[in-house]
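Notes for the structure review
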There are 2 protein chains.
Amino acid sequence: MGGTRSRVDNRSGIGRGFAVLEAFTPEQPVMTLSEVARRAGLPLTTAHRLTSELCATGALERDRGGSYRVGLRLWEIASLAPRGLPLREVALPFLEDLYVLTHENIQLGVREGHDAVIIERIAGRRAVGVINRVGRRFTLHASGIGLVLLAYAPEEVQDAVLASPLRRFTKYTVTDPDELRSNLTDIRRDGFAVSERQVTIDTRSVAAPVTNSRDDVIASLSIVSRFAGPSAERLSLAVRAAALGTSRAVAAASRGD
Amino acid sequence: MGGTRSRVDNRSGIGRGFAVLEAFTPEQPVMTLSEVARRAGLPLTTAHRLTSELCATGALERDRGGSYRVGLRLWEIASLAPRGLPLREVALPFLEDLYVLTHENIQLGVREGHDAVIIERIAGRRAVGVINRVGRRFTLHASGIGLVLLAYAPEEVQDAVLASPLRRFTKYTVTDPDELRSNLTDIRRDGFAVSERQVTIDTRSVAAPVTNSRDDVIASLSIVSRFAGPSAERLSLAVRAAALGTSRAVAAASRGD
């Protein structure tokens, strides 16, 4: 994202408008004008003009105190992103089935560049706590969803991720590129991924790929449970069945277009 | 807004970029360049430049066939809109409780101008079919959620809606402004709304207001069930309890900020 931000100054109104929108983060979803200007790297007067224009379109809103936040109008348009809500709508019944059967955390994610993004999460209230949130990004190399998305990513994406520093979340996180590459081969052979204690020390995730009608892997769904909880053997068939069901529903939805 | 009008260049950049985004609709979420140009009312060359810029930011994506769709990057940013996903995350456990108890359609909506927008929906698989979808807009004067949001809207919003033509969805839809205004008074007195057969002939919705820590009504949640199904008496206490629980959670979440 930093790269995007440094490029935008040479760009059009759209580029700078987008830089203002990108200044908003999960950590700072509501900001004053000077915070927006600072985070977007813009002079105050420019930030003022851009935020006014974005408010006029509804992309931003001001709250009672005059602070800025992302507007519901932007959310309405963004809800049309096929890889967001529409995918989620198709997958939801299968996610709900998994939840009803296991009462664990159920997640659906897609790859965006070298990251995974969570599209939907059903959080078991008594299930193990997980750090993800809908709309959040995370790395591809450690979680079940991330490993599936990486295993089926184009070769150039795999090479780039394997060549980059692989963050060690726990002592079990695989950070050796050769070992990781071998694991990706296993995931493609098995048709599912198991990540044990690689993201947090007390969790296991089991994930399987979701495909479209051309057999491209477009998403991954997973169960995240306690490491001391149900075995990967017990969970993997259910996860794979839900992923197959979702894949079939995705193909049916695209035929309906 | 008047002050920005003289700065034509950037204003038109963001404004026209937004016009391109607004060309995408639930009915047409994927479009060719010429469809985008036609729907946004732009010359083909301008549309080409704007879509290229929007693709560079990630606000749009191109699919394999070269058609345009709303990008996941826009969805990521829009997921920060406080009235969208964050509100939905706070409300979800209460919506799930209602679903588990009733197996009916459970909806959460907010007011955007003179419309309601659905933020979340849990659709009972054997429940009555409803026309709404997450991200969809609908009128305020007929559904349970709409009536609650209208009943607690500022006076000028109520006056504008009551002065506009009120669409008759069924023969039971209240389209007389005086009768509707009287119904709004009842809703504020009772603390919930019942809409029977006003949107579709076979449905009943029962809705209650969700407030923030300042007691502003910021959303409404509802159960939509068959008219021949459970009575409004049976549903209303559960809906109101879920709305109160959500309101308390909203207040707690804002204290945490």
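Rules and cut-offs
- Residues numbered from 1 in each chain as written.
- Chains lettered and ligands numbered in written order.
- Predicted model: local features only at pLDDT ≥ 70, side-chain atom pairs only at ≥ 80, totals over all residues.
- Heavy atoms only, no water.
- Helix = DSSP H or I, 4+ residues; strand = E, 2+ residues; numbered from the N terminus.
- Buried < 20%, exposed > 50% of the residue type's maximum accessible area, 1.4 Å probe, protein only.
- Contact = heavy atoms within 4.5 Å.
- Areas by Shrake-Rupley, 256 points an atom, 1.4 Å probe, with all protein chains shown as cover.
- Lys, Arg positive; Asp, Glu negative; His and termini not counted.
- Charge placed at Lys NZ, Arg CZ, Asp CG, Glu CD.
- Pairing = 2+ DSSP bridges.
- pLDDT = per-residue confidence, 0-100.
- Polar contact = N/O pair within 3.5 Å; in protein donor to acceptor, adjacent residues only side chain to side chain.
- Phe/Tyr/Trp six-rings, centres within 6.5 Å; stacked < 30°, edge-to-face > 60°.
- Lys NZ or Arg CZ within 6 Å of the ring centre and 35° of its normal.
- Core = buried A, V, L, I, M, F, W, Y, C linked by side-chain atoms within 4.5 Å.
- Buried area = accessible area lost by both parts, 1.4 Å probe.
- Salt bridge = Lys/Arg side-chain N within 4 Å of Asp/Glu carboxyl O.
- Nonpolar A, V, L, I, M, F, W, Y, C, P; charged D, E, K, R; others polar.

Turning our eyes to something else, we now look at the overall build of chain A. Assigned secondary structure in chain A consists of ten helices and nine strands. Across its three principal axes, chain A shows a C-alpha extent of roughly 60 × 40 × 40 Å. Out of the 257 residues in chain A, the part that is buried amounts to 55%. Considering only residue pairs separated by 6 or more positions, chain A has 53% of its internal contacts joining residues 24 or more positions apart. For chain A, the exposed surface amounts to about 11,000 Å²; the carbon and sulfur share of it is 51%. Taken together, the 34 basic and 29 acidic charged side chains of chain A have centroids lying 5 Å from each other.

So, on to the sheet that holds strand β1 (residues 30–31) of chain A. Residues and elements named next belong to chain A. In spatial order, the strands read β1-β3-β2; together these three strands make up an open sheet with antiparallel pairing. Of all the strands in the sheet, just β1 and β2 (60–62) have a single pairing partner and so form its edges. Bridge count between β1 and strand β3 (residues 68–70): two bridges; the pairing is antiparallel. Bridging from a neighbouring strand, Val30 pairs with Arg69 of β3.

Residues and elements named next belong to chain A. Across chain A, the average pLDDT comes to 88, with 91% of residues at or above 70. By mean pLDDT, helix α1 (residues 2–7) is the weakest element of chain A at 42, and helix α7 (residues 144–151) is the strongest at 98. Confidence drops under pLDDT 50 across residues 1–8; counting only partners more than four residues distant or on other chains, this segment forms ten contacts. Reported confidences for the modelled complex are a pTM of 0.77 and an ipTM of 0.78.

Here Arg88 of chain A is to be found in helix α6 (residues 85–102). A relative accessible area of 3% means that Arg88 of chain A is categorised as buried. Only 2.6 Å separates the side chain of Arg88 of chain A from the side chain of Glu89 of chain A, close enough to count as a polar contact. Not counting residues up to four positions away in its chain, the partners in contact with Arg88 of chain A are Leu108, Ile119 and Glu120 of chain A together with Arg88, Glu120 and Val134 of chain B.

Aromatic rings considered in pairs are described by the distance between their centres and by the relative angle of their planes. Following the criterion strictly, the structure yields zero aromatic pairs over all chains and no others. Sitting over the ring of Phe227 of chain B, Arg197 of chain B keeps its end group 4.5 Å from the ring centre.

What follows deals with the nonpolar core. Leu74, Trp75 and Leu221 of chain A together with Leu74, Trp75 and Leu221 of chain B are the most contacted members of the largest nonpolar core, which has 147 residues in total. Contact partners of Trp75 of chain B, with chain neighbours within four places excluded, come to Ala78, Ala81, Gly84, Leu85, Val117, Ile118, Ile119, Val134 and Gly135 of chain A.

The interface of chain A with chain B comprises 62 residues on the first partner and 60 residues on the second. If you sort the residues of chain A by the area they bury against chain B, Ile14, Trp75 and Leu80 of chain A come out on top, with a joint share of 14%. Among the ionic pairs, Glu22 of chain B bridges to Arg73 of chain A, the shortest N-O distance being 3.1 Å. For the interface between chain A and chain B, the tally reads ten residue pairs in polar contact (both at pLDDT 80 or more). Every element with two or more residues in the side of chain A that touches chain B is listed here: α2 (13–22), α4 (44–57), β3, α5 (72–78), α6, β4 (105–112) and β5 (115–122) of chain A. It is α2 of chain A that provides the largest number of residues to the side of chain A that touches chain B, a total of eight residues. When its residues are assigned to classes, the side of chain A that touches chain B shows 29 nonpolar, eleven polar and 22 charged.

Positive phi outside glycine occurs at His103 of chain A, with the angle close to 55°. Here His103 of chain A shows up in the loop between α6 and β4. Of note, Asp215 of chain B is a non-glycine position whose phi angle comes to about 65°, a positive value. Structurally, the position occupied by Asp215 of chain B is in the loop between β8 (203–211) and β9 (217–226). With a relative accessible area of 62%, Asp215 of chain B lands in the exposed category.

In terms of residue burial, α7 of chain A counts as a mostly covered element, since eight of its eight residues are buried. If you check which residues of α7 of chain A are buried, you get Gly144, Ile145, Gly146, Leu147, Val148, Leu149, Leu150 and Ala151 of chain A.

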